[in-house]
Amino acid sequence: MDGTTALDGVLGQAHTVRVGPVDGEGTGTGLRVDLSDPVESARLRKAMAVDSLPGFRCMCLGDVRFEVADRSGGRLAVVVLHHGETLRWDRWESDAVLADGRLLLAWLDGHGMPEPLRRYEADRRRADARAAEERDWLAAMPTGAAGFADRILDLSRTGGRPSPELLAELTERLRQSYPDPVERVLALLSWYGSGSGRCSGFPVHEGVPGELLGRVPIADLVAGLLDAGARERHNAGAVRHLVGWKSRPHQERDVADLPEALRERLMAHARRSEDADKRGRAERWLARRRG
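Heads up: these notes are all about the structure in this document.

About the criteria used
Residues numbered from 1 in each chain as written. Predicted model: local features only at pLDDT ≥ 70, side-chain atom pairs only at ≥ 80, totals over all residues. Heavy atoms only, no water. Core = buried A, V, L, I, M, F, W, Y, C linked by side-chain atoms within 4.5 Å. Buried < 20%, exposed > 50% of the residue type's maximum accessible area, 1.4 Å probe, protein only. Contact = heavy atoms within 4.5 Å. Helix = DSSP H or I, 4+ residues; strand = E, 2+ residues; numbered from the N terminus. Arc of directions from axis to C-beta. Lys, Arg positive; Asp, Glu negative; His and termini not counted. Salt bridge = Lys/Arg side-chain N within 4 Å of Asp/Glu carboxyl O. Polar contact = N/O pair within 3.5 Å; in protein donor to acceptor, adjacent residues only side chain to side chain. Axes fitted to C-alpha atoms, helices over the stretch in contact; angles between N-to-C directions. Parallel < 35°, antiparallel > 145°, perpendicular 65-115°, else oblique. Nonpolar A, V, L, I, M, F, W, Y, C, P; charged D, E, K, R; others polar. Phe/Tyr/Trp six-rings, centres within 6.5 Å; stacked < 30°, edge-to-face > 60°. Pairing = 2+ DSSP bridges.

Attention now moves to the nonpolar core. Counting residues in hydrophobic clusters, the biggest one holds 41 residues, and the most contacted among them are Ile152, Trp191, Leu266 and Leu286. Excluding residues within four positions of it along the chain, Leu286 makes contact with Val243, Val255, Leu258, Arg263, Leu266 and Met267. By size, the runner-up hydrophobic cluster in this structure holds 32 residues, among which are Leu7, Val10, Ala47 and Ala96.

In this section: helix α5 (residues 149–158). For an α-helix the count is 3.6 residues per turn, leaving residues at separations of three or four pointing the same way. Buried within α5 we find Ala149, Ile152, Leu153 and Leu155. Along α5, the residues classed as buried sweep out an arc of 130 degrees about the axis, all on the same side. Exposed side chains of α5 directed beyond 90 degrees from the buried face belong to Asp150, Arg157 and Thr158. Of the surrounding elements, those touching the buried residues of α5 are α4 (115–139), α6 (164–177), α7 (181–192) and α8 (208–213).

Below, the discussion takes up the side chain of Asp275. As for its placement among the helices and strands, Asp275 is situated in the loop between α12 (260–271) and α13 (276–286). Despite its burial, Asp275 pairs with no opposite charge, the nearest such side chain being Lys278 at 5.2 Å. At a separation of 3.0 Å, a polar atom in the side chain of Asp275 contacts the main-chain amide nitrogen of Asp277. Beyond its immediate chain neighbours, meaning those up to four positions away, Asp275 contacts Arg198 and Cys199.

On to the packing of helix α10 (residues 232–242) against α12. When two helices pack together, their arrangement is given by the angle between the helix axes and the distance between those axes. Two elements in contact, α10 and α12, have axes whose closest approach is 9 Å; the angle formed by their N-to-C orientations is 90 degrees. One element, α10, and the other, α12, form an angle in the roughly perpendicular class. Together, Glu232, Asn235, Ala236, Ala238, Val239 and Leu242 of α10 and Arg265, Leu266, His269 and Ala270 of α12 make up the contact between the two elements. Residue classes in the contact of α10 with α12 are distributed as six nonpolar, two polar and two charged.

Time to look at the packing of aromatic side chains. Throughout the structure, instances matching the rule amount to three aromatic pairs. Between Phe66 and Trp107, the ring centres sit 6.4 Å apart and the planes meet at 45 degrees, which makes this aromatic pair tilted. Of this pair, Phe66 sits in strand β4 (residues 64–69) while Trp107 sits in helix α3 (residues 101–110); the two residues are 41 residues apart in sequence, bridging distant segments of the chain. The pair Phe66 / Trp107 is uniform in exposure class, with both members buried. Judged by centre distance (5.3 Å) and plane angle (40 degrees), the ring pair of Trp137 and Trp191 falls under tilted.

With that settled, consider the sheet that holds strand β2 (residues 31–34). Taking strand neighbours across the sheet as the criterion, the seven strands line up as β2-β1-β4-β5-β6-β7-β3 in an open arrangement whose pairing is antiparallel. Whereas interior strands pair on both sides, the edge strands pair on one side only; in this sheet they are β2 and β3 (50–52). For this sheet the average axis-to-axis angle between neighbouring strands, irrespective of direction, equals 30 degrees. Where strand β1 (residues 16–21) and β2 come together, four bridges link them in antiparallel fashion. Looking across to β2, one finds that Val19 is bridged to Leu31.

The backbone of His83 shows a phi angle near 60 degrees, a positive value even though the residue is not glycine. Its place among the elements puts His83 in the loop between β5 (75–82) and β6 (86–89). Looking at His83, the relative accessible area reads 43%, which means it is partly exposed. Backbone geometry at Lys246 places phi at a positive 45 degrees, although glycine is not the residue there. Looking at the element boundaries, Lys246 is found in the loop between α10 and α11 (251–256). Residue Lys246 is classed as exposed on the basis of its relative accessible area, which comes to 65%.

In this section: the packing of α7 against α10. At their nearest, the axes of α7 and α10 sit 7 Å apart, and the two run at 75 degrees to each other. By the angle between their directions, the pair α7 and α10 is classed as roughly perpendicular. For the pair α7 and α10, contact is made by Leu186, Leu189, Ser190 and Tyr192 and by Arg233, His234, Gly237, Ala238, Arg240 and His241, respectively.

Fair warning: the whole summary comes from geometry, so function is off the table for now.
Right, dumping it as structure tokens:
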């Protein structure tokens, strides 16, 4: 019997399983399921089928605890579910990847524990949204910057800030790709207006075009926004930049000096946003002149 089938062998001997949420001590209490019915036993065994033991261990305590017992009540195994995808059992050196984690979550849902499935589905929706935002951000990356994509995305994986060297390389590459300052500004604004579009709580990599815009003279930024080629995506990047946290060395002065018509245009764009944080920031920065 190899590692991936060892748990199934134990479950085949099980008479009951107690299931509950994991608490701070790594134990749990909850429902009791009778496995003496062969159909019920088969359902749980299928739901807990293991695909592989890849050698990693999750850092958290887990979400749901399964205490498997034999007919006399003797404990056969304690298994903990992590994130609807892996199982931990002290017979394994690493966590095991489920063949179909959603099947086990559906089993729990059918036995009166709907929260793990709800949480998993909410996590999947958030992950899908983040992936879509990343694709949008990559698609908006200016010509010449694509070769830096992996280095920039790594910032979100490591939590680091862009180095001065990376920003200098990007600045030079963009100057080469867009000799015209207005075209360069429009490319950066379009890039910064993509992705999540948030002014706070966004992935680290999305801040890179904002850092580059912070180095652009305000006159060039205004010229770009007043250019006939400026569109809503450029307004989006400008609002995100101008109302962000300490986004420019002289941010208050630069925003105060914006042409009134441009200020109104950016304010109108912000007010159409579904992002309450962005709307609030825009009201503070753009709705009236600061001085």
